[in-house]
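Secondary and tertiary structure notes
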Amino acid sequence: MKKMLGVTLLSCGLALAGCSNDTEKETTTKPTTTNEQQGDKKEEVKPENLKITNKNEVFHTYESDGEKKVNYSAIIQNDSKEIVDVSEINVTYLNKDGTVIGSTVDSTAFASPSVLKPGQKAYIINETDIKPTDEVDKVELAVTPDITAERATELPVSGEVLDVNEDNTFMSLTGQVKNTTKTPADNVDVGVAIYDKDDNLITTAYGQVQDTVNPGQKLPFEAQSPYLNFNTVTKPDHYEFFAFSYKYPEGTAGEGGDGEVTE
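Notes on the structure follow. None of the values given here were measured: they were computed from a predicted structure.

Each value, and the rule that gives it
- Residues numbered from 1 in each chain as written.
- Predicted model: local features only at pLDDT ≥ 70, side-chain atom pairs only at ≥ 80, totals over all residues.
- Heavy atoms only, no water.
- Core = buried A, V, L, I, M, F, W, Y, C linked by side-chain atoms within 4.5 Å.
- Buried < 20%, exposed > 50% of the residue type's maximum accessible area, 1.4 Å probe, protein only.
- Helix = DSSP H or I, 4+ residues; strand = E, 2+ residues; numbered from the N terminus.
- Salt bridge = Lys/Arg side-chain N within 4 Å of Asp/Glu carboxyl O.
- Pairing = 2+ DSSP bridges.
- Axes fitted to C-alpha atoms, helices over the stretch in contact; angles between N-to-C directions.
- Contact = heavy atoms within 4.5 Å.

Thoughts on the nonpolar core
Core analysis: the largest hydrophobic core is formed by 24 residues, its most contacted members being I76 and L141. Mapped onto this core, the elements with two or more residues apiece are β5 (52-64), β6 (67-78), β8 (89-94), β12 (121-130) and β13 (138-143). Ranked by size, the runner-up nonpolar core spans 21 residues in total, among them L155, V157, I194 and A223.

As structure tokens, this is what we get:
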């Protein structure tokens, strides 16, 4: 966990429209089957055995370039006994009448890491446009976990700095990720969670390393969170972050594997 250093906080007078800090909510899951093949068989997995818990969440509405936007952040945890992929994420924004006013139909939600071991947590972020007259009353998160042969490896980060850009539109964590494995890392992502002095979640941020990181190499990254009026909401005090690379083991059939199943 890092303390905030050198963060520029400028107030643009944007209004905070809503915030939710409900904790320990189990997200929606659907029946799924394994994508790890053993011979020609696929083992059916009961949905109750794949439990993803929403440990913390928060949402904010704000204006940018004349458009009204809503930003949602969450921290989820894999409370099942399996290693699961949690990249299938749906976020729905509702008003007080229960009407859908925004969702991931028109936007994308990101999770880092997207592959979780039992007991491991991930940061989720989503942002979407809403109508100027819309007011968000509730946000519903649905994560559909899937057992996977893919594995996530945590990589060290150095030289990190958390700051707000000159236009005061994005807050970002920049730094370098080092590949400490023996194989090239083609897709590396970074997740960040930012808290106030009372350890309340303010927002999350997500970023990717744009190029392949070769063994022993360091490459820069930037993990961004859309602008939030922290002087109105609450001032950030500390943050935590991690970087992960992903790989299918050799002998794994399917996406990312070599197409052959090793007995």
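Alright, that's what it looks like, and here's the rest.
A look at the pattern of salt bridges
One pass over the full model with this rule turns up six salt bridges. Between K121 and E240 there is a salt bridge, with its nearest N and O atoms 3.0 Å apart. Taken together, the residues span a long stretch of sequence, with K121 in strand β12 and E240 in strand β21 (residues 238-247) at a distance of 119 residues. Residue classification places K121 among the partly exposed residues on the basis of a relative accessible area of 31%. Given the relative accessible area of 15%, E240 is considered buried. K138 is paired through a salt bridge with E140; the nearest N and O atoms lie 3.5 Å apart.

Quick word on the sheet that holds strand β7 (residues 84-85)
One open sheet accounts for three strands, arranged β11-β7-β14; its pairing is antiparallel. Of all strands in the sheet, those with a lone pairing partner are β11 (115-116) and β14 (146-147), marking the two edges. Relative to β11, β7 runs antiparallel, the two being bridged by two bridges. Looking at the pairing, V84 lines up with L116 of β11.

Observations concerning the pairing of strand β19 (residues 201-209)
For β19, a buried count of eight out of nine residues is recorded, marking the element as mostly surrounded by other parts of the structure. From the end of strand β18 (residues 188-195) to the start of β19, which pair antiparallel, there are five residues, and D199 there has a positive phi angle of about 70 degrees. Relative to strand β20 (residues 218-226), β19 is paired through two bridges, and the arrangement is antiparallel. Residue Y206 lies in a different strand from β20, and its bridge partner there is Q224.

Some remarks on the sheet that holds β8
With antiparallel pairing, three strands are arranged side by side in an open sheet as β9-β8-β13. Where the open sheet ends on each side, the last strands, each with one partner, are β9 (100-103) and β13. Averaged over all pairs of adjacent strands, the angle between strand axes in this sheet comes to 20 degrees, irrespective of strand direction. As defined by bridge partners, β8 adjoins β13 across six bridges and the pair is classed as antiparallel. Its bridge partner lying in β13, T92 is registered against E140.

Description of unusual backbone geometry
Backbone torsion omega between S112 and P113 reads -5 degrees, so that peptide bond is classified as cis. With respect to the helices and strands, P113 occurs in the loop between β10 (110-112) and β11.

Here's the deal with the environment of T99
Tracing the sequence through the fold places T99 in the loop between β8 and β9. Taking C-alpha positions, T99 is 9.7 Å from V136, a pair spaced 37 residues apart along the chain. For T99, the residues in contact, after removing those within four places along its chain, are Y93 and L94.

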